[in-house]
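What the coordinates show
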Amino acid sequence: MRIEIDHDTIYTYEHPAKYGVQEFRLTPVSCASQSVLSWIIDAPGIEGAAQFADAWGNTVHLVNQVRERSQLPIRVRGVIDTKDTGGIIGHLSHEPAWRIFLRQTELTKPGEAITEMAKSLPLNGDTVAMCHTLMGAIGETMRFDTRSTDSQTTASQSFGARSGVCQDFAHVFIAACRVLGLPSRYVTGYLFLPDEPDHSDAHHAWAETEIKGLGWVGFDPANAICPDARYVRLASGPDASYAAPVRGLRRGAGEESLKVAVSVTQAPLPTGSQSQSQQ
């Protein structure tokens, strides 16, 4: 499948920001499930940005804002060919040792309820099947609700409230996997939904678990499936805070508001070619 992405982010400041520094984790890499054909980031200061791989293997642009401004617009455009690998990513270059993803973070601390759920799962040696059972258990407990949580909500809090968004579903899944000794990480990206409007107001998010003999395998507990050709992988980390598309500091701006618009559409393939997902 060939997917086109147009992603606009606009920060508007109460007072003009006199200086700012941002980290952009807005650059996907080619891997088993996707090939990046083109990718452009358009933002003030991007032409002088430093580019590096962070500790989690993500491509990062470090951007300085040296001119006073009342708005910071960031636009990402790209085309990616994807294929269905059953969620299997394997291993990526520059990523750290999988053992580090056994450590719980503030956002993924499980609490008693998640720990109890995790330990109730059947341990029959089939890790993939167990992860699917875990997704089902989360789906039976939680409902999708954009009003019930925010970016600082922990896995234990959202599971206790029985509701949340894709970030919360992923955090609960990651927390439970780590209870069971399975290295797991948080993934941000995009999801093409042919039956939904082109524009949405956020990224999608899911989890990946390191499974012996397969490497990293993706699981999307919000939709109870492994990522397929509709998914575009962007960045990953121990939890959502480490994989945030934009992080930064600013000076002299007061309060800020954020507007995000994401268009994910299927692009036509060249005449005579065949989608990778069908090969």
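Up top is the structure.
Given the structure is predicted, the values throughout are model-derived calculations rather than measurements.

Here we look at the packing of helix H1 (residues 111-119) against helix H4 (residues 166-179)
One way to put it is that H1 packs onto H4 with a least axis distance of 9 Å and a crossing angle of 60°. Taken together, the axis directions place H1 and H4 in an arrangement best described as oblique. When you trace H1 past H4, the crossing you get is right-handed. Contacts from Ile114, Thr115, Met117, Ala118 and Lys119 of H1 reach H4 at Val172, Ala175, Ala176 and Val179. Among the residues making up the contact of H1 with H4, the classes are represented as 7 nonpolar, 1 polar and 1 charged.

A closer look at the side chain of Arg25
Looking at the secondary structure, you find Arg25 in strand S2 (residues 19-27). Reaching out from Arg25, the side chain makes a polar contact with the side chain of Asp54 at a distance of 2.9 Å. Excluding residues that lie within four positions of it along the chain, Arg25 makes contacts with Asp54, Asn58, Thr59, Val60, Leu234, Ala235, Tyr242, Ala243, Ala244, Pro245 and Arg247.

Here's the deal with the packing of aromatic side chains
Scanning the entire structure with this criterion turns up 7 aromatic pairs. Seen in terms of ring centroids, Trp56 and Tyr242 are 5.5 Å apart; in terms of plane orientation they differ by 80°. Their pairing is edge-to-face. In this pair, Trp56 is assigned in the loop between strand S4 (50-53) and strand S5 (59-65) and Tyr242 in the loop between strand S14 (231-237) and strand S15 (246-251), connecting sequence segments 186 residues apart. What makes Tyr242 partly exposed here is its relative accessible area of 32%. One aromatic cluster is present, formed by Trp56, Phe101, Trp216 and Tyr242 through successive ring pairs.

Digging into empty space enclosed by the protein
With the rule as written, the count across this model stands at 2 cavities of 30 Å³ or more. Of the voids in this model, the largest cavity is the one considered here, and its volume is about 90 Å³. Lining of the largest cavity is provided by Ser33, Gln34, Lys83, Thr85, Gly87, Ile89, Trp206, Glu208, Pro227, Asp228, Tyr231 and Arg233. Within the lining of the largest cavity, the residues separate by chemical class into 4 nonpolar, 4 polar and 4 charged. Along the walls of the second largest cavity sit Tyr13, Ala17, Tyr19, Gly20, Gln22, Gln65, Arg67, Arg69 and Arg250, which together make up its complete lining. The set of elements that each furnish at least two residues to the lining of the second largest cavity consists of strand S1 (2-17) and S2. No other element matches S2, which puts 3 residues into the lining of the second largest cavity.

Some details on the nonpolar core
Counting 33 residues, the largest nonpolar core has Ile114, Met117, Leu134, Ile138, Val172, Phe173 and Phe219 as its most contacted members. For this core, the secondary-structure elements that each account for two or more residues are H1, helix H2 (127-141), helix H3 (155-161), H4, strand S12 (204-211) and strand S13 (215-219). Top contributing element to this core by residue count: H4, with 9 residues. When near neighbours in sequence (up to four residues on either side) are disregarded, Phe219 contacts Val128, Cys131, His132, Met135, Phe173, Trp206, Ala207, Thr209, Ile211, Ile225, Cys226 and Pro227.

Details of H1
The complete set of buried residues in H1 reads Ile114, Met117 and Ala118. Take H1 and look down its axis: the buried residues cluster within an arc of 100°, on one side only. H1 presents Glu112, Glu116 and Lys119 as exposed residues on the side facing more than 90 degrees away from its buried surface. Where the residues of H1 are buried, they touch H2, H3 and H4.

Some thoughts on the packing of H2 against H4
In contact at an axis separation of 10 Å, H2 and H4 are set at 135° when each is read in the N-to-C sense. The angle between the axes of H2 and H4 places the two elements in the oblique class. Between H2 and H4 the crossing geometry is right-handed. Counted together, Cys131, Leu134, Met135 and Ile138 of H2 and Phe169, Val172, Phe173, Ala176 and Cys177 of H4 form the full contact between these two elements. Residues that form the contact of H2 with H4 fall into these classes: 9 nonpolar, no polar and no charged.

What counts, and where the lines are drawn
Residues numbered from 1 in each chain as written. Predicted model: local features only at pLDDT ≥ 70, side-chain atom pairs only at ≥ 80, totals over all residues. Heavy atoms only, no water. Axes fitted to C-alpha atoms, helices over the stretch in contact; angles between N-to-C directions. Helix = DSSP H or I, 4+ residues; strand = E, 2+ residues; numbered from the N terminus. Parallel < 35°, antiparallel > 145°, perpendicular 65-115°, else oblique. Left-handed = near helix turned anticlockwise from the far one by under 90°. Contact = heavy atoms within 4.5 Å. Nonpolar A, V, L, I, M, F, W, Y, C, P; charged D, E, K, R; others polar. Polar contact = N/O pair within 3.5 Å; in protein donor to acceptor, adjacent residues only side chain to side chain. Phe/Tyr/Trp six-rings, centres within 6.5 Å; stacked < 30°, edge-to-face > 60°. Buried < 20%, exposed > 50% of the residue type's maximum accessible area, 1.4 Å probe, protein only. 1 Å grid on protein atoms, 1.4 Å probe; cavity = no way out; pocket = protein on both sides within 12 Å on 5 of 7 lines; lining within 4 Å. Points joined across faces, edges and corners; volume = space filled by probe spheres on them. Core = buried A, V, L, I, M, F, W, Y, C linked by side-chain atoms within 4.5 Å. Arc of directions from axis to C-beta.

On their own, these measurements won't tell you what the molecule is for.
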